[in-house]
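Remarks on the overall topology
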Amino acid sequence: MSETTFPRVAVLGGAGTIGTTVIGAMRGAGWPADRIVAAGRSGDSLDAVAEQYGVETSTDATAAVLGADVVVTSVKPQDMRALLAQIAPTLPADALVLTPAAALPASFYESLLADGVAVVRAMPNTPARLGKGAISISPGTHATDAHMDLSERILSGAGLVVRVPEEQIDGVSVVSGSGPAFFYAVAEAMAAAGMANGLDKELAEALAAQTLIGAGALLEESGETPAELRAKVSSKGGTTLAALAAMEAAGLQGVFSAGANAAIARAKVLGEELQQG
Ligand SMILES: NC(=O)C1=CN([C@@H]2O[C@H](COP(=O)(O)OP(=O)(O)OC[C@H]3O[C@@H](n4cnc5c(N)ncnc54)[C@H](O)[C@@H]3O)[C@@H](O)[C@H]2O)C=CC1
Ligand SMILES: O=C(O)[C@@H]1CCC=N1
């Protein structure tokens with residue numbers, strides 16, 4: 001499909017966090033509003049999506065996928081089986097299913113939809129809303145290079161898009177999918193440490209948030225690595241080195257390893273539960 005044509009894309013769960021992000025990324029990349037339909041449940045903020053992005057909306061996923069070239073299934077993993085049952089009768093045989101859901105393998109979709117359906121799994125993250133996401137895509141059994149190219153084109157306005165084999169998605173999910181939550185948790189912990197040392201809550205939270213913003217911006221602007229930038233804060237014999245040594249002794253790396261292991265174990269359990277139905 002040529003770069004100058006715009007496949008028709010149905011975003012199911014289009015009023016949700018990631019669905020809205022995908023629509024915003026497409027619109028930001030010049031995707032025409034009349035080539036996108038957002039489907040949600042009644043009660044979802046579909047009016048706000050229509051107003052912000054000018055796209056058509058529907059509360060009927062079955063109807064929304066009619067005539068779609070790409071169907072983005074942006075619902076929670078727990079809602080996926082019901083959604084696939086809903087769209088299976090009207091999903092065009094040659095449509096690409098692009099799914100951001102965690103935990104569910106491509107084979108789950110392949111087993112519940114028509115034989116030969118092309119599935120691409122994506123793992124986005126919330127900064128994608130600002131075009132600063134870190135997103136992976138992985139092909140299912142029947143996805144071709146053209147399907148991967150199309151998926152990348154749909155997501156390119158959302159940030160960095162990398163291709164990984166499906167077995168690496170859980171690892172990507174830990175680093176970039178969940179990653180924003182970890183940085184926010186660190187900011188909360190830093191604010192709490194400030195409060196424990198005499199700062200009031202408002203000041204501690206403002207300083208921690210601005211430090212997260214500034215550190216990220218410096219990383220982006222400088223082109224230096226986190227290790228190089230960390231070294232520039234850490235004077236020999238100074239306070240930062242003392243803090244980092246104490247954090248390491250308290251198990252900093254172990255904390256993140258434990259988090260990663262827990263996330264990956266949870267993805268496996270959730271995936272197995274949901275595949276059993
Ligand atoms: N939020 C995040 O940071 C990330 C989320 N994901 C994945 O993205 C997917 C979506 O997550 P969120 O956007 O956070 O969830 P969300 O809860 O914000 O949005 C899901 C939307 O789907 C709608 N929905 C459910 N069933 C529907 C149906 N049958 N028809 C139409 N709409 C339906 C819900 O009403 C809701 O508006 C999940 O599978 C999640 O694993 C992946 C990476 C990061
Ligand atoms: O925890 C979650 O449900 C989502 C999926 C990947 C990252 N966050």
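Residues numbered from 1 in each chain as written. Chains lettered and ligands numbered in written order. Predicted model: local features only at pLDDT ≥ 70, side-chain atom pairs only at ≥ 80, totals over all residues. Heavy atoms only, no water.

Okay, the domain arrangement of the protein chain next. Looking at the protein chain, the domain boundaries give domain 1 (9-173) and domain 2 (179-267). Computed from C-alpha coordinates alone, the two centres of domain 1 and domain 2 are separated by 33 Å. Each partner contributes residues to the interface: domain 1 has 7 residues there, and domain 2 has 5 residues. Contact between domain 1 and domain 2 buries roughly 460 Å² in total, counting both sides, with carbon and sulfur atoms accounting for 51%. Considering only the side of domain 1, the residues that lose the most area to domain 2 are Ala103, Lys132 and Asp170, jointly responsible for 57% of the buried surface there. For the interface between domain 1 and domain 2, the tally reads 1 salt bridge. Taking the shortest distance from any N to any O, the salt bridge between lysine 132 and glutamate 220 comes out at 3.2 Å. Summed over the shared surface of domain 1 and domain 2, the result is 1 residue pair in polar contact (both at pLDDT 80 or more). When the residues that make up the side of domain 1 that touches domain 2 are grouped by side-chain class, the tally is 2 nonpolar, 3 polar and 2 charged. (Domains from an automatic or database assignment. Contact = heavy atoms within 4.5 Å. Buried area = accessible area lost by both parts, 1.4 Å probe. Salt bridge = Lys/Arg side-chain N within 4 Å of Asp/Glu carboxyl O. Polar contact = N/O pair within 3.5 Å; in protein donor to acceptor, adjacent residues only side chain to side chain. Nonpolar A, V, L, I, M, F, W, Y, C, P; charged D, E, K, R; others polar.)

In this section: the side chain of serine 234. Relative to the helices and strands, serine 234 is located in the loop between helix H10 (226-233) and helix H11 (239-249). At 2.8 Å, the side chain of serine 234 and the backbone oxygen of arginine 230 are in polar contact. Every residue in contact with serine 234, bar those within four places of it in the chain, is listed here: Thr240, Leu241 and Leu244. (Helix = DSSP H or I, 4+ residues; strand = E, 2+ residues; numbered from the N terminus.)

The subject of this paragraph is the sheet that holds strand E7 (residues 133-139). On the basis of which strands lie adjacent, the open sheet formed by 8 strands has the order E3-E2-E1-E4-E5-E6-E7-E8 and mixed pairing. With partners counted over all chains shown, the strands left at the sheet margins are strand E3 (56-58) and strand E8 (159-163), one partner each. Neighbour to neighbour, the strand axes of the sheet diverge by 20° on average, direction disregarded. As judged from the 5 bridges shared by E7 and E8, these two strands associate in the parallel manner. Bridge assignment links glycine 133 to a residue of E8, and that residue is glycine 159. (Pairing = 2+ DSSP bridges. Axes fitted to C-alpha atoms, helices over the stretch in contact; angles between N-to-C directions.)

Remember that side chains alternate between the two faces of the sheet whenever the strand is regular. Here strand E5 (residues 96-99) shows a buried face lined by Leu96 and Leu98 and a second buried face lined by Val97 and Thr99. As defined by bridge partners, strand E4 (residues 70-73) adjoins E5 across 3 bridges and the pair is classed as parallel. Within E5, the residue paired with valine 70 across the bridge is leucine 96. Crossover handedness for the path E4 to helix H4 (residues 77-87) to E5: right-handed. Where E5 and strand E6 (residues 118-123) come together, 4 bridges link them in parallel fashion. (Buried < 20%, exposed > 50% of the residue type's maximum accessible area, 1.4 Å probe, protein only. Right-handed = clockwise from strand over helix to strand, strands pointing away.)

Close to ligand 2 lie Ala102, Met123, Ser173, Gly177 and Ser178, which account for all nearby residues. Considering ligand 2 on its own, with 240 Å² of exposed area, one finds that the protein chains cover 46% of that surface. A molecule is said to occupy a pocket when more than half its atoms come within 2 Å of that pocket's grid points, and by this definition ligand 2 occupies the second largest pocket. Looking at side-chain class alone, the shell around ligand 2 contains 2 nonpolar, 3 polar and no charged residues. (Near = heavy atom within 4 Å. Areas by Shrake-Rupley, 256 points an atom, 1.4 Å probe, with all protein chains shown as cover. 1 Å grid on protein atoms, 1.4 Å probe; cavity = no way out; pocket = protein on both sides within 12 Å on 5 of 7 lines; lining within 4 Å. Sits in = over half its atoms within 2 Å of the grid points.)

So, on to the pattern of salt bridges. For the structure shown, the criterion picks out 9 salt bridges. Of the charged contacts, one joins glutamate 166 and arginine 121 as a salt bridge, the two residues approaching to 2.9 Å between their closest N and O atoms. Within this pair, whereas glutamate 166 is found in the loop between E8 and helix H7 (169-177), its partner arginine 121 is found in strand E6, the two being separated by 45 residues in sequence. Of the charged contacts, one joins glutamate 152 and arginine 163 as a salt bridge, the two residues approaching to 2.8 Å between their closest N and O atoms. Here glutamate 152 is found in helix H6 (residues 145-155), whereas its partner arginine 163 is found in strand E8, with 11 residues between them in sequence. Arginine 163 sits in the partly exposed class, given a relative accessible area of 41%. Bridged by salt links that share partners, the residues Asp149, Glu152 and Arg163 form one connected network.

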